[in-house]
Amino acid sequence: MKPSSVIAGIAAPLPYSNLDTDQIMPKQFLRIVDKAGLDRGLLYDLRFDEAGRPRADFVLNQPAYAGACVLVAGPNFGCGSSREHAVWGLQQFGIRAVIAPSFGEIFFFNALNNGLLLVTLPAAQVDELLQRVSNTASHRVEIDLLAGTVSAANGWVSSFELSARHRDMFAHGQDMVGATLRQLDDIARYEAGHWRRHPWMRDVAQRVRARLDAAS
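Residues numbered from 1 in each chain as written. Predicted model: local features only at pLDDT ≥ 70, side-chain atom pairs only at ≥ 80, totals over all residues. Heavy atoms only, no water.

With respect to the nonpolar core
The biggest cluster of nonpolar side chains holds 29 residues, and the ones touching the most others in it are Leu71, Phe77, Leu90 and Phe107. Mapped onto this core, the elements with two or more residues apiece are β1 (6-14), β2 (70-73), α3 (85-93), β3 (97-100) and α4 (105-114). Ranked by residues supplied to this core, first place goes to α3 with four residues. Every residue in contact with leucine 90, bar those within four places of it in the chain, is listed here: Ile24, Leu42, Leu71, Phe77, Ile95, Phe107 and Leu116. Core analysis: the next-biggest nonpolar cluster, separate from the first, contains 24 residues, Cys69, Leu117, Leu129 and Phe170 among them. (Core = buried A, V, L, I, M, F, W, Y, C linked by side-chain atoms within 4.5 Å. Buried < 20%, exposed > 50% of the residue type's maximum accessible area, 1.4 Å probe, protein only. Helix = DSSP H or I, 4+ residues; strand = E, 2+ residues; numbered from the N terminus. Contact = heavy atoms within 4.5 Å.)

Structure follows, in structure tokens:
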């Protein structure tokens, strides 16, 4: 993960409610042994017709939204199955953030733990932002992670909240493992205090195994 406190670029409107992970990444693209090539499957049935031709009316196929790095979506984005491939496919396609009124719970943590920023705004503000990125000459937005703001054309600004832990992870470019490693000193202090309070619990399995071996 790259350190990132500001995400700025073209935002594409995707005003669908309950867009689930099966639609974000259809099942036929899960037959892989690594993460490569998932961008081809992203929103496949929305992007392409039955013959595999791009649908000209779909937003991500339109020249005005080429290179979009932000999606402005409807409520309950990422509901459905827990497939992490949905997050990986969005990232491989170039999406760095999704703004919506709400997200599927498992998708929410899959995304943040993989470095895909999810911004939750009230439904009315998301509707306003959808209108702006759909109808104004500029489709650009800027998300300032440290300030907790989303800004768009004509001075539109909205605030959002993100847990301190996840904000810190994005600012330092770290996943859950990296964030944990930064706390090794705190973990060591807690561990030492735990053994002082409960010395009889230390190495229980090893001591039991030693007694069993001795008895046999």
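Remarks on the pattern of salt bridges
In a structure, side chains of opposite charge can pair up when their charged atoms sit close to one another. Here the structure, examined in full by the defined rule, presents five salt bridges. The salt bridge partner of arginine 53 is aspartate 49, with a shortest N-O separation of 3.0 Å. On the basis of relative accessible area, arginine 53 is assigned to the exposed category, the value being 53%. On the accessibility criterion, aspartate 49 (16% relative accessible area) is buried. (Salt bridge = Lys/Arg side-chain N within 4 Å of Asp/Glu carboxyl O.)

Regarding the domain arrangement of the protein chain
According to the domain assignment, the protein chain consists of domain 1 (6-172) and domain 2 (176-214). Relative to domain 2, the C-alpha centre of domain 1 lies at a distance of 41 Å. (Domains from an automatic or database assignment.)

Here's the deal with the packing of aromatic side chains
Under the counting rule described, the total for this entry stands at six aromatic pairs. Ring geometry for phenylalanine 29 and tyrosine 44: centres 5.3 Å apart, planes at 45 degrees, overall tilted. Here the residue phenylalanine 29 occupies a position in the loop between α1 (21-24) and α2 (44-47), and tyrosine 44 occupies one in helix α2, the gap between them amounting to 15 residues. Put simply, the rings of Phe77, Phe103, Phe107, Phe108 and Phe109 pair up and form one aromatic cluster. (Phe/Tyr/Trp six-rings, centres within 6.5 Å; stacked < 30°, edge-to-face > 60°.)

Overview of the packing of α3 against α4
Relative orientation of the contacting elements α3 and α4 amounts to 45 degrees, with a least axis distance of 9 Å. One element, α3, and the other, α4, form an angle in the oblique class. Crossing of α3 against α4: the hand is right-handed. Of α4, the residues touching α3 (which contributes Ala86, Val87, Trp88, Leu90 and Gln91) are Phe107, Asn110, Ala111 and Asn114. Among the residues making up the contact of α3 with α4, the classes are represented as six nonpolar, three polar and no charged. (Axes fitted to C-alpha atoms, helices over the stretch in contact; angles between N-to-C directions. Parallel < 35°, antiparallel > 145°, perpendicular 65-115°, else oblique. Left-handed = near helix turned anticlockwise from the far one by under 90°. Nonpolar A, V, L, I, M, F, W, Y, C, P; charged D, E, K, R; others polar.)

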